[in-house]
Amino acid sequence: MACMCEGLSASVEDMESAVMAKDLSCQEEKRVNLLSPKVKAVYSMSRFEGKTTLEIAEELSIPKRTVEGYLLTGRKVVRKYMRQCI
């Protein structure tokens, strides 16, 4: 019987972790939506689409350094907000 309890405990913990991860993801998305349009676009392309700074720069026709600056700004803002959520 002890084995079943351990398995149940692990699945409850997994479920709690999944719920917390989903909640944090929703919080991140809410904050990203409040970023300026350019920063939001660059952050989203990097974070959610997995694009490199060079790919983003080419797609948006902006310098790579500008993309890096927007990413730095977006990450700072989102990170600060996410710390408050935890």
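Our structure's up above, just so we're on the same page.
Engineer: So what about the environment of Gln27? Which residues, and what values?
Structural biologist: Inspection of the secondary structure assignment puts Gln27 in helix α1 (residues 2-32). Classification of Gln27 by relative accessible area gives buried; the value is 15%. In sequence terms Gln27 and Cys85 are 58 residues apart; their C-alpha atoms lie 7.7 Å from each other. The contacts of Gln27, once residues within four sequence positions are left out, are Tyr81, Met82 and Cys85.

Engineer: If you had to explain the packing of aromatic side chains to someone new, which residues and values would you point to?
Structural biologist: Going through the model one piece at a time under the given rule, you end up with 1 aromatic pair. Ring geometry for Tyr43 and Phe48: centres 6.2 Å apart, planes at 75°, overall edge-to-face. Taking the relative accessible area as the measure of exposure, Tyr43 reaches 6% and is therefore buried. Taking the relative accessible area as the measure of exposure, Phe48 reaches 45% and is therefore partly exposed.

The rules behind the values
Residues numbered from 1 in each chain as written. Predicted model: local features only at pLDDT ≥ 70, side-chain atom pairs only at ≥ 80, totals over all residues. Heavy atoms only, no water. Helix = DSSP H or I, 4+ residues; strand = E, 2+ residues; numbered from the N terminus. Buried < 20%, exposed > 50% of the residue type's maximum accessible area, 1.4 Å probe, protein only. Contact = heavy atoms within 4.5 Å. Phe/Tyr/Trp six-rings, centres within 6.5 Å; stacked < 30°, edge-to-face > 60°.

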